[in-house]
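Residue-level listing of the chains:
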Amino acid sequence: MSDPFFAPVKKSGGDGPSRSGSSRGRGGRGGGRGGKSGETRAINPAPKKDTGKKNRATTSLAGKRKHRGDSSDDETDRRASRKKGVVEDDDEGGDEVGAGGIDDMDLDYGDSEDDEDDEALMNETAAQKRLRLAKNYIDTLQHVGEDEIGYDAEDIDRDNIAARLKQDALEIQGRLHRHLAETFQFPVNAETAITTCRGHQKTATSITATENGLYAYSGSKDGSIIKWDLKTGKKIFSFPGAQKGVVDFQGHTDHVTCLAVSSDNQFLASGGKDKKIIIWSVQENKFLHCFKQQHKDTITGMSFRKGHNQLYTVSGDRTVKLWNVDELSYIETLFGHQDSITSVDSLAKEHCVSTGGRDRTVRLWKIVEESQLVFRGGGFIRPKKLNKDLPDEPKEIATPGPDGGVIMKEKKDPSFLEGSMDCLAMIDEENFLTGGDSGTISLWNVNKKKAVFSMPLAHGFHTQPLDYSNGEAVPSGGVETPYWITSLASLRYSDMFVSGSWDGTIRVWQIGKNMKNFSLLSTIPMVGVVNDLQLYQPTLSKKTLLIAAVGQEHKLGRWLRIKEGRNGLRIVELTAKSKDSDNASQDDEESDN
């Protein structure tokens, strides 16, 4: 075996170049071991005193050089020198080792190779590191399940590995879309699928649920927060509220308006009309910290960054504030909105999206870049048909005429001015939804300034008779007022979202495959004002849950009152379609074609 550090001396006595000065030597980058390329040095250095591993290796090399000089009578001396350092003879001890045997091996070669690998890792570029990690990741995917199932790498299809790599990359980028809307069974059976949780004395204003699907929290205008068991619908714990003016109370002293739970299921954050932001422990059900007087007005919305304990809060004081909940500390304040901020949402990236109420803007805040993108809504919007199967409305209407007669006049399509943007929901890192007092739901993309698609009168409109306070008779007809959108929630990274109002239903929508439109999929009966919604799939369960906070009044005011509504929480479990129903729907499609 050839020596990795020294090239063998040519026995023919020729004048050819020696490899000892080549830049390919394993001893270093600049040439042979201990010198630069082209530098003259002794091939056989004099042996030194054995002071360690390096000297032992040098002595071994000297013995090998002597062996290459045809001094076969020094076999005994070589073995004697080996007793100290590296090699011990067998119990038999009688076998002789010829050229190319163990005496010609560099027994320290493994150490030099490890050192070389470490040096290569230290000096690798970013591109080389990405390539190395990608190769390791592919190798890991090829061996997934090999120990448990017994599969070899050849048994795994290359297409499956490519699909897995693509899915992981899309999840990191926030661009993964799952087509789930058509997999659920609609309409929902209201008697069996809806669980009612009652415990608040006043209107339920907000809800949130833990990622593991065990608990849900609801806030109310009575200042209390109730912890619910999502499996049974029973109350587990209650954080009571207090009356206004109470000092040093560990809780809220006014309406609770918003709630949020961290993705690690450790912290619950709550905000209210008392301008407090309170952090609670999910596991221990106790008060942890209160941020007082940081916001100058009602806390209207909050959201935890996914995968982190960074909290975003918005308020009627037109500011967005960032908090580090791990350290219970304040980070910074963001300015830009020209009116009260009504809602906020966020995902994994260090971004958040907020709606500015009557300034009719949506702002995407880029925290790291310290910049913001502004999307402007507003304008007159004409209604569209929610379902193409519905019959066309009459183009003429009867209006009262002179002498008690009737005159047929052309009915004009109503148009409504979008006055306020009240709620939003992020679908992924690039797409989000907004709703407002004009009853319009709009789909946005961060790369476009205007809405990609808008659905006016998403929940319809109601006719409100004119009220004449001067005593005159009320004329026939009335004012057509849209049901404004009070809440939105999306199933993250999918094609389904829900919206709430006070028209007696929660509406389920399906987003098109090209993310450029959406259409009505189904409705779920829900009497009362739907103040908050959450639609998600728990990590420890295969269920899909829709949770709604329902009350008789709107969470921010008393503009209307639905007497038939019941204050509390509603839990709706969405069931997947059975195989029989899927086959039946496919047969119907084939028959239509």
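Just so it is clear, the structure is predicted and the values come from calculations on it, not from any experiment. (Residues numbered from 1 in each chain as written. Predicted model: local features only at pLDDT ≥ 70, side-chain atom pairs only at ≥ 80, totals over all residues. Heavy atoms only, no water.)

## Details of the packing of aromatic side chains
Part 1 of the reasoning: This structure, assessed with the given rule, holds 15 aromatic pairs.
Part 2 of the reasoning: Plain terms: the ring middles of Phe453 and Phe518 are 5.0 Å apart, the flat faces sit at 85 degrees to each other, and that makes the pair edge-to-face. You can see Phe453 sitting in strand β25 (residues 453-455) and its partner Phe518 sitting in strand β31 (residues 518-525), a full 65 residues away along the chain. Assigned by exposure class, Phe453 and Phe518 land together as buried.
Part 3 of the reasoning: Ring geometry for Trp484 versus Trp502: centroids 4.7 Å apart, planes at 70 degrees, classification edge-to-face. On the criterion of sequence distance, the pair formed by Trp484 in the loop between β27 (479-482) and β28 (487-490) and Trp502 in the loop between β29 (496-500) and β30 (505-511) is long-range, its members being 18 residues apart. Each of the two residues, Trp484 as well as Trp502, counts as buried.
Part 4 of the reasoning: An aromatic cluster of at least three residues, connected via ring pairs, comprises Phe237, Phe239, Trp280 and Phe287.
Part 5 of the reasoning: Here the guanidinium or amino end of Lys227 rests over the ring plane of Tyr215, the centre of that ring lying 4.1 Å away. (Phe/Tyr/Trp six-rings, centres within 6.5 Å; stacked < 30°, edge-to-face > 60°. Helix = DSSP H or I, 4+ residues; strand = E, 2+ residues; numbered from the N terminus. Buried < 20%, exposed > 50% of the residue type's maximum accessible area, 1.4 Å probe, protein only. Lys NZ or Arg CZ within 6 Å of the ring centre and 35° of its normal.)

## Considerations on the environment of Asp222
Part 1 of the reasoning: Relative to the helices and strands, Asp222 resides in the loop between β3 (215-220) and β4 (225-229).
Part 2 of the reasoning: Taking C-alpha positions, Asp222 is 7.6 Å from Val256, a pair spaced 34 residues apart along the chain.
Part 3 of the reasoning: Leave out the neighbours within four places in its chain, and Asp222 touches His200, Gln201, Lys202 and Gly241.
Part 4 of the reasoning: Among the polar contacts made by the side chain of Asp222, one reaches the main-chain amide nitrogen of Gln201 at a distance of 3.1 Å. (Contact = heavy atoms within 4.5 Å. Polar contact = N/O pair within 3.5 Å; in protein donor to acceptor, adjacent residues only side chain to side chain.)

## Points about the side chain of Ser490
Part 1 of the reasoning: Of note, Ser490 is situated in strand β28.
Part 2 of the reasoning: Polar side-chain contacts of Ser490 include one of 2.7 Å to the backbone oxygen of Met426.
Part 3 of the reasoning: When near neighbours in sequence (up to four residues on either side) are disregarded, Ser490 contacts Ala425, Met426, Ile427, Met496, Phe497 and Leu535.

## With respect to the sheet that holds strand β2 (residues 204-209)
Think of a sheet as strands paired side by side through backbone hydrogen bonds, with each pair either parallel or antiparallel.
Part 1 of the reasoning: Read from one edge of the open sheet, four strands run β2-β3-β4-β5, paired in antiparallel fashion. Strands at the two margins of the open sheet, each flanked by one partner only, are β2 and β5 (235-239). Taking each pair of neighbouring strands and ignoring which way they run, the sheet shows an average axis angle of 20 degrees.
Part 2 of the reasoning: When β3 meets β4, the two strands line up antiparallel, connected through five bridges. Across the sheet, residue Gly219 finds its bridge partner in β4, namely Ile225. (Pairing = 2+ DSSP bridges. Axes fitted to C-alpha atoms, helices over the stretch in contact; angles between N-to-C directions.)

## As for the UniProt feature "repeat: WD" (unreviewed entry) in the chain
Part 1 of the reasoning: Under the UniProt annotation, "repeat: WD" (unreviewed entry) lies at residues 197-238, 249-290, 292-333, 334-375 and 485-511.
Part 2 of the reasoning: Helix makes up 0% of residues 485-511 and strand 59%, whereas the separation of the span's terminal C-alpha atoms amounts to 18 Å. (UniProt positions renumbered as here; feature names shortened; annotations may be inferred.)

## Brief notes about the side chain of Thr342
Part 1 of the reasoning: Summarising the element assignment, Thr342 is placed in the loop between β13 (329-335) and β14 (343-345).
Part 2 of the reasoning: Using a relative accessible area of 15% as the deciding quantity, one classes Thr342 as buried.
Part 3 of the reasoning: Among the polar contacts listed, one links the side chain of Thr342 to the side chain of Thr355, at a separation of 2.7 Å.
Part 4 of the reasoning: A distance of 3.1 Å separates a polar atom in the side chain of Thr342 from the backbone oxygen of Asp422.
Part 5 of the reasoning: In contact with Thr342, other than residues within four places in its own chain, are Thr300, Thr355, Gly357, Met421, Asp422 and Cys423.

## A look at the pairing of strand β16 (residues 361-366)
Part 1 of the reasoning: Burial runs high along β16: five of the six residues are buried.
Part 2 of the reasoning: Bridge analysis of strand β15 (residues 351-355) against β16 gives five bridges, and the strand direction is antiparallel. Along β16, the bridge assignment pairs Thr355 with Val362.
Part 3 of the reasoning: Looking at chain direction, β16 and strand β17 (residues 371-376) are connected through six bridges and run antiparallel. Looking at β17, one finds that Arg363 is bridged to Val374.
Part 4 of the reasoning: Hairpin geometry of β16 and β17 is characterised by an intervening segment of four residues between the two adjacent antiparallel strands and by a positive phi of about 55 degrees at Glu370.

## A look at unusual backbone geometry
Part 1 of the reasoning: The residue after Phe186, namely Pro187, is reached through a cis peptide bond having omega 0 degrees.
Part 2 of the reasoning: Inspection of the secondary structure puts Pro187 in the loop between α6 (158-173) and α7 (190-193).
Part 3 of the reasoning: Positive phi, close to 70 degrees, is recorded for Lys275, a residue that is not glycine.
Part 4 of the reasoning: For Lys275, the position within the fold is in the loop between β7 (267-272) and β8 (277-281).
Part 5 of the reasoning: Even without glycine at this site, Asn285 takes up a positive phi of about 55 degrees.

## As for the pattern of salt bridges
Part 1 of the reasoning: Enumeration according to the criterion identifies 10 salt bridges in this entry.
Part 2 of the reasoning: Residues Arg132 and Glu124 are paired through a salt bridge, measuring 2.8 Å at the closest nitrogen-oxygen approach.
Part 3 of the reasoning: Taking relative accessible area as the criterion, Arg132 reaches 31% and is therefore assigned partly exposed.
Part 4 of the reasoning: Three or more residues joined by partner-sharing salt bridges are found here, namely Lys221, Glu553, Arg558 and Arg561. (Salt bridge = Lys/Arg side-chain N within 4 Å of Asp/Glu carboxyl O.)

## Structural notes on the nonpolar core
The tendency in soluble globular proteins is for nonpolar side chains to be buried side by side.
Part 1 of the reasoning: Membership of the largest hydrophobic core comes to 23 residues, with the highest contact counts inside it found for Met496, Ile506, Ile524 and Leu574.
Part 2 of the reasoning: Going through the elements one at a time, β29, β30, β32 (529-536), β33 (544-551) and β34 (568-574) are the ones with two or more residues in this core.
Part 3 of the reasoning: The contact partners of Ile524, leaving out residues within four places of it in the chain, are Val188, Ile194, Gly504, Thr505, Ile506, Val508, Leu546, Val572 and Leu574.
Part 4 of the reasoning: The next biggest cluster of nonpolar side chains, apart from the first, holds 16 residues, and it includes Ile485, Phe497, Met515 and Phe518. (Core = buried A, V, L, I, M, F, W, Y, C linked by side-chain atoms within 4.5 Å.)

## Things to note about the sheet that holds strand β24 (residues 441-445)
Part 1 of the reasoning: Overall, antiparallel pairing links the four strands, which are arranged β22-β23-β24-β25 in an open sheet. Unpaired on one side and paired on the other, β22 (421-426) and β25 mark the two borders of the sheet. With strand direction ignored, the average angle separating the axes of adjacent strands in the sheet is 20 degrees.
Part 2 of the reasoning: Strand direction decides the pairing type here: β22 and strand β23 (residues 431-436), joined by five bridges, are antiparallel. Bridging from a neighbouring strand, Leu424 pairs with Thr434 of β23.

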